[in-house]
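Close look at the chain arrangement
Listed below are the residues making up each chain.
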Amino acid sequence: MVPLEQLPLWGPSTDEEPRPKPVLTRPAKLRLLITVKAAPIPSARYGETVCVGALGMDPPWTGWIRLYPVHHRHLGDDGMFRKYDIIQVDALPARDDPRRESWKPIVDTITIERHLASRPSRRHLLDSLVEDSMCRLNAQPPGDRSTRSIALIRAADISDFQVRRHRGWSAEDRKKIARSLDQLDLLEPAKRSPLHAPRFTGTYRYRCADRRCRGHEQTLRDCEFVALQRRLGQLTDAEAEEQLRNKFLTQLCAADRDIAFYVGNQVARPQSFSIGGVYAPRRPTARHQPHVNR
């Protein structure tokens, strides 16, 4: 195994010819650093699913990779991976998803190699991937083969993190959940609980480091945001909102951190990007300090 300190630093591919999406007849063994675990959502086809963002660590499968679908809530203990775990999984390029980063995992092949707890090791792998322009991603032409659907974007100025009451699942989402539970009742003796909507939504307002940027407003879909809500279940709405803002604005976006957002788009809305997670290592120097207005 190659030591992390000797691995190449993969820079953003904006100025390189994009690699075409591979066509494979057999699953490939991927070795990945997990960077994003989105909150679970209802799915008509898969029931309850999680989208996972990762960084490929071994050639030829390097760069950003999306794993979907992952039924994370119901994985066994060996498969309950965390953010910044290094895992191995067999997967195929997703045929029904045109985004070139998207792979369909064989979930029962997931094994956890180790947790990457060292912040310098994380920075060695991720810092060179941080990009300045969310505006450039938004301007990508739909359907172009060079279009990218995942990136790590530096936040130059964070103006707010808004926490609002979730409206609850839509009627269509509730139908998806009901159909999924009906199918599980036929296949499994154990009754599974329905997927509950999160209590709150969260939205960052920020400017990227593009000098032409007029600001971005993007929803946070991090499973850590939803998990914290569950732990705050006994608090009033006002108390919980304060705790969520304290964690995801005051702490994560503190002045001594280099802030970047893991962003990804939707297959049905390629121009719509949301935030899958926050990359917030403590700053070794004073450079790239975002201004946070509170």
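Structure: above.
Here's what I pulled together on the structure shown here. Here the structure is a predicted model, which is why all the values come from computation and not from measurement.

With that out of the way, let us pick up the overall build of the chain. Helix and strand content of the chain: five helices and 14 strands. Counting every position in the chain, which comprises 294 residues, the buried fraction comes to 49%. In the chain, the share of contacts with a sequence separation of at least 24, taken over all contacts with a separation of at least 6, comes to 71%.

To continue, consider the side chain of Arg 123. Note on placement: Arg 123 falls in helix H1 (residues 119-126). A residue is classified by how much of its surface remains accessible, and Arg 123, at 15% relative accessible area, is buried. Those residues in contact with Arg 123 that lie beyond four places of it in its chain are Asp 258, Tyr 279, Pro 281, Arg 282, Arg 283 and Pro 284.

Turning our eyes to something else, we now look at the pattern of salt bridges. In total, this model carries 18 salt bridges according to the counting rule given. The closest approach of N and O atoms between Arg 205 and Glu 217, which form a salt bridge, is 3.0 Å. In this pair, Arg 205 sits in strand E10 (residues 200-208) while Glu 217 sits in strand E11 (residues 216-220), placing the two residues 12 residues apart along the sequence. Residue Arg 205 is classed as partly exposed on the basis of its relative accessible area of 32%. Each member of the salt-bridge network shares a partner with another, and the members are Arg 31, Asp 58, Glu 113 and Arg 114.

With six of six residues buried, strand E12 (residues 260-265) is to be regarded as a mostly interior element. Taking every second residue as pointing to the same face, both faces of E12 are buried, with Ala 260, Tyr 262 and Gly 264 on one and Phe 261, Val 263 and Asn 265 on the other. Relative to E12, strand E9 (residues 150-165) runs antiparallel, the two sharing five bridges. Bridged to Ile 153 within E12 is Phe 261. The sheet contact formed by E12 and strand E13 (residues 273-279) spans six bridges and is antiparallel. The residue of E13 that forms the bridge with Tyr 262 is Gly 277.

A cis amide bond, omega 0 degrees, links Pro 59 with the succeeding residue Pro 60. Relative to the assigned elements, Pro 60 resides in the loop between strand E3 (47-58) and strand E4 (61-70). The step from Tyr 68 to Pro 69 runs through a cis peptide bond, and the omega angle for that step is 0 degrees. Tracing the backbone through its elements, the reader meets Pro 69 in strand E4.

On to the packing of aromatic side chains, then. Counted by the stated rule, this structure contains nine aromatic pairs. Residues Phe 161 and Phe 225 carry aromatic rings whose centres are separated by 5.8 Å and whose planes lie at 80 degrees to one another, so their mutual orientation is edge-to-face. Here Phe 225 lies in helix H4 (residues 223-231) and Phe 161 lies in strand E9, a separation of 64 residues in the sequence. The same class applies to Phe 161 and to Phe 225, which are both buried. Summarising the aromatic geometry, the rings of Phe 225 and Phe 248 are spaced 5.3 Å apart at their centres and angled 90 degrees between planes, so their arrangement reads as edge-to-face. Taken together, the residues span a long stretch of sequence, with Phe 225 in helix H4 and Phe 248 in helix H5 (residues 237-251) at a distance of 23 residues. Residue classification places Phe 225 among the buried positions, given a relative accessible area of 1%. Relative accessible area serves as the criterion here: at 1%, Phe 248 is assigned to the buried category.

Taken N-terminus to C-terminus, the directions of H4 and H5 make an angle of 150 degrees; their axes are 10 Å apart at the nearest point. Taken together, the axes of H4 and H5 lie roughly antiparallel to each other. When you trace H4 past H5, the crossing you get is right-handed. Contacts from Glu 224, Phe 225, Leu 228 and Gln 229 of H4 reach H5 at Leu 244, Lys 247 and Phe 248. Partitioned by chemical class, the residues of the contact of H4 with H5 number four nonpolar, one polar and two charged.

Let's shift gears to the nonpolar core. Soluble globular proteins tend to bury their nonpolar side chains together. Grouped together as the largest cluster of nonpolar side chains are 30 residues, with contacts concentrated most on Ile 158, Tyr 204, Tyr 206, Phe 261 and Val 263. Secondary-structure elements contributing two or more residues to this core are helix H2 (134-138), E9, E10, H4, H5, E12 and E13. The element best represented in this core is E9, accounting for six residues.

The rules behind each value
- Residues numbered from 1 in each chain as written.
- Predicted model: local features only at pLDDT ≥ 70, side-chain atom pairs only at ≥ 80, totals over all residues.
- Heavy atoms only, no water.
- Helix = DSSP H or I, 4+ residues; strand = E, 2+ residues; numbered from the N terminus.
- Buried < 20%, exposed > 50% of the residue type's maximum accessible area, 1.4 Å probe, protein only.
- Contact = heavy atoms within 4.5 Å.
- Salt bridge = Lys/Arg side-chain N within 4 Å of Asp/Glu carboxyl O.
- Pairing = 2+ DSSP bridges.
- Phe/Tyr/Trp six-rings, centres within 6.5 Å; stacked < 30°, edge-to-face > 60°.
- Axes fitted to C-alpha atoms, helices over the stretch in contact; angles between N-to-C directions.
- Parallel < 35°, antiparallel > 145°, perpendicular 65-115°, else oblique.
- Left-handed = near helix turned anticlockwise from the far one by under 90°.
- Nonpolar A, V, L, I, M, F, W, Y, C, P; charged D, E, K, R; others polar.
- Core = buried A, V, L, I, M, F, W, Y, C linked by side-chain atoms within 4.5 Å.

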